[in-house]
Amino acid sequence: MSFRITEYGAVKKTKRITISGIAELAGVSKSTASQVLNGHSKKFRISDLTRDRVLAVAAEHHYQPSIHARSLNVTRSFTLGLVVPEMTNYGFAACSNELETLCRENGMQLLIACTDENTSQETMVVNNLIQRQVDGLIVASSMLSDAEYVKISQQVPVVLFDRHIQDTQLPIVVCEAIESSAELVSRIAKTQRDEFYFLGGQPRISPTRDRLAGYQLGLQRAGVSLDPDWILYGNYHPSSGYEMFAQLCARLGRPPKALFVASCGLMEGVLRYMSQHQLLESDIHLCSFDDHYLYDSLSVKIDTVAQDCRELAMHCFSMISDLMNEQPIEQTQCFLSPKLHWRSPPFSQIK
């Protein structure tokens, strides 16, 4: 259905034009109109004059082929399901944007569902996507077991991303976090040997575990003894970063000397507290997993482990496309290498 405005200002539905309607207006048979609109005019030796007349009628009436009819013909819905914990997270938002572009460029529609890190809600939104007959699922799961997704993958292709589930055999695309975090932390720890705190999200999920492991390895490489009180956990919402940093400053009576923050969301909360309490010009050394383009505009310098969201999205899309087309996957476990972005002196000269 489409809509038109009547002379009285009311909105009235108007019927979409069909292939039969186009055929009638163009003075051709329905099969001829269908062949032209499906790009088969040369195959069926339809004259250029007839082809142009049919296309002109279709354009005049804004004809769009039915996605439902298309899916009936090829047993596909041309939709892809993306499941993420939240859309306000910068990393997930950036990946979602890249995946939507890739889907659009390939004649597909991306359907996005959020779980709020809730396993029951994740089950519900995944079932909703399956009921909508998506051709494949890309999932950043909050679950600790892949059992449900193994079952689902027998009917619908599944690719896990951003988080890894222990011992899973499902295809997965993640950004390496342990070695990159260790390299970042070790260089900074050599100049901040007596105090280096960690703010993380939920310890049960793999991003927190991997980034914590990298932080601990970095301290070890720098010869710094870890104080268990340096490690604080919350969740990945900005409010959690704000609260943990506020509690830390209250406990110390000052900002910490060095701080590794496990995500952009948490760093947002830290920066909000620092701004409100005039701490942006303090001597704190900030570093983070995840990068944000706005960090280049801040007075406080933040060294980061920078994921390439476009590369992450492209690998996910390539992998799920191969699965949907029943093509073999060369590499089922894909770990992408991030880059270190140094902003604070003296590290800002490191390439």
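Residues numbered from 1 in each chain as written. Predicted model: local features only at pLDDT ≥ 70, side-chain atom pairs only at ≥ 80, totals over all residues. Heavy atoms only, no water.

Student: Account for the overall build of the chain, naming residues and giving values.
Tutor: Across its full length, the chain carries 12 helices and 14 strands. Computed over C-alpha atoms, the radius of gyration of the chain comes to 26 Å, more than 25% over the 20 Å expected from 2.2 N^0.38 for 351 residues, which places it beyond the range of a compact globule. Projected onto the principal axes, the alpha-carbon positions of the chain cover approximately 85 × 50 × 40 Å. Taking the contacts inside the chain whose residues are at least 6 apart along the sequence as the reference set, 65% of them involve residues at least 24 apart. As displayed, the chain offers around 18600 Å² of accessible surface, 50% of which is attributable to carbon and sulfur atoms. Of note, the chain has its 33 positive side-chain charges centred 8 Å away from the centre of its 38 negative side-chain charges. (Helix = DSSP H or I, 4+ residues; strand = E, 2+ residues; numbered from the N terminus. Rg over C-alpha atoms; globule rule 2.2 N^0.38 Å. Contact = heavy atoms within 4.5 Å. Areas by Shrake-Rupley, 256 points an atom, 1.4 Å probe, with all protein chains shown as cover. Lys, Arg positive; Asp, Glu negative; His and termini not counted. Charge placed at Lys NZ, Arg CZ, Asp CG, Glu CD.)

Student: Could you give an account of helix H1 (residues 19-26), naming the residues involved and the relevant values?
Tutor: If you check which residues of H1 are buried, you get Gly21, Ile22, Ala23 and Ala26. Phi turns positive one or two residues past the end of H1, at Gly27, with a value near 70°. (Buried < 20%, exposed > 50% of the residue type's maximum accessible area, 1.4 Å probe, protein only.)

Student: Talk me through the side chain of Glu195; I want residue IDs and the actual numbers.
Tutor: Relative to the elements of secondary structure, Glu195 occurs in the loop between helix H8 (178-189) and strand S8 (197-200). For Glu195, a relative accessible area of 8% puts it in the buried group. Here the side chain of Glu195 touches Arg254 through a polar contact of 2.9 Å, side chain to side chain. A polar contact of 2.7 Å, which involves the side chain of Glu195, links it to the backbone nitrogen of Lys257. Excluding anything up to four places from it in sequence, Glu195 contacts Trp230, Leu252, Arg254, Pro255, Pro256, Lys257 and Ala258. (Polar contact = N/O pair within 3.5 Å; in protein donor to acceptor, adjacent residues only side chain to side chain.)

Student: Let's hear about the pairing of strand S4 (residues 109-114): which residues, and what values?
Tutor: Two strands pair when backbone bridges link them, and strand S3 (residues 79-84) and S4 are joined in this way by six bridges, in the parallel orientation. Bridging from a neighbouring strand, Gly81 pairs with Leu111 of S4. Crossover connection from S3 via helix H5 (residues 90-105) to parallel S4: handedness right-handed. (Pairing = 2+ DSSP bridges. Right-handed = clockwise from strand over helix to strand, strands pointing away.)

Student: Go over the packing of aromatic side chains with me, naming the residues and quoting the values.
Tutor: Geometry of an aromatic ring pair is reported as the spacing of the ring centres plus the angle between the planes. Under the definition given, this model contains nine aromatic pairs. Residues Phe92 and Phe161 carry aromatic rings whose centres are separated by 6.1 Å and whose planes lie at 80° to one another, so their mutual orientation is edge-to-face. On the criterion of sequence distance, the pair formed by Phe92 in helix H5 and Phe161 in strand S6 (residues 158-161) is long-range, its members being 69 residues apart. When sorted by exposure, Phe92 lands in the same class as Phe161, which is buried. Summarising the aromatic geometry, the rings of Tyr197 and Trp230 are spaced 6.2 Å apart at their centres and angled 50° between planes, so their arrangement reads as tilted. In this pair, Tyr197 is assigned in strand S8 and Trp230 in the loop between helix H9 (206-221) and strand S9 (231-233), connecting sequence segments 33 residues apart. A relative accessible area of 5% means that Tyr197 is categorised as buried. Accessibility expressed as a relative area gives 6% for Trp230, which makes it buried. One aromatic cluster in this structure is built from Phe196, Phe198, Tyr215 and Phe260. (Phe/Tyr/Trp six-rings, centres within 6.5 Å; stacked < 30°, edge-to-face > 60°.)

Student: Run through the confidence of the model for the chain, naming residues and quoting values.
Tutor: Chain-level statistics for the chain give a pLDDT mean of 89 and a share of 91% at 70 or above. Every residue in residues 1-6 scores below 50 in pLDDT, and together they form 20 contacts with partners more than four places removed in sequence or on other chains. This stretch, residues 8-13, has a pLDDT under 50; its non-local contacts, to residues over four places away or in other chains, come to 12 contacts. (pLDDT = per-residue confidence, 0-100.)

Student: Help me get a handle on the state of the cysteines, residues and values and all.
Tutor: Taken as a whole and assessed by the stated rule, the structure comprises zero disulfides. A disulfide-free cysteine, Cys114 has its sulfur positioned 13 Å from the sulfur of Cys95, the nearest such atom. Here Cys249 stays unpaired: no disulfide links it, and the sulfur of Cys287, its closest cysteine neighbor, is 15 Å away. (Disulfide = S-S within 2.5 Å.)

Student: Tell me about the sheet that holds strand S14 (residues 339-341), and please be specific about residues and values.
Tutor: Ordered in space as S9-S8-S10-S11-S12-S14, the six strands form an open sheet in which the pairing is mixed. Each end of this open sheet is capped by a strand with a single partner; those strands are S9 and S14. Averaged over all adjacent pairs, the angle separating strand axes in this sheet is 15°, with direction ignored. Direction of pairing for strand S10 (residues 258-261) relative to strand S11 (residues 285-289): parallel, over a ladder of four bridges. By the bridge assignment, Val261 is partnered in S11 with Ser288. Along the sheet, helix H11 (residues 264-276) makes contact with S8, S10, S11 and strand S12 (302-306), crossing S11 at roughly 155°. (Axes fitted to C-alpha atoms, helices over the stretch in contact; angles between N-to-C directions.)

Student: Summarise helix H10 (residues 238-252); cite the residues concerned and give the values.
Tutor: With 15 residues, H10 ought to run about 21 Å at 1.5 Å a step, and its terminal C-alpha atoms sit 21 Å apart, in line with that. For H10, the secondary structure elements touched by its buried residues are S8, S9, S10 and H11. (Expected span 1.5 Å × (residues − 1).)

Student: Tell me about the pattern of salt bridges, and name the residues and values.
Tutor: This structure, assessed with the given rule, holds 13 salt bridges. Across the pair Arg310 and Glu98 runs a salt bridge, and its minimum N-O distance is 2.9 Å. With a gap of 212 residues between them, Arg310 in helix H12 (residues 309-324) and Glu98 in helix H5 connect regions that are remote in the sequence. Arg254 is the salt-bridge partner of Glu195, the closest N and O atoms lying 2.9 Å from each other. In this pair, Glu195 sits in the loop between H8 and S8 while Arg254 sits in the loop between H10 and S10, placing the two residues 59 residues apart along the sequence. Of the residues examined, Arg254 reaches a relative accessible area of 34% and is grouped as partly exposed. Among the ionic contacts, a cluster of salt bridges with common partners joins Asp48, Arg51 and Asp52. (Salt bridge = Lys/Arg side-chain N within 4 Å of Asp/Glu carboxyl O.)

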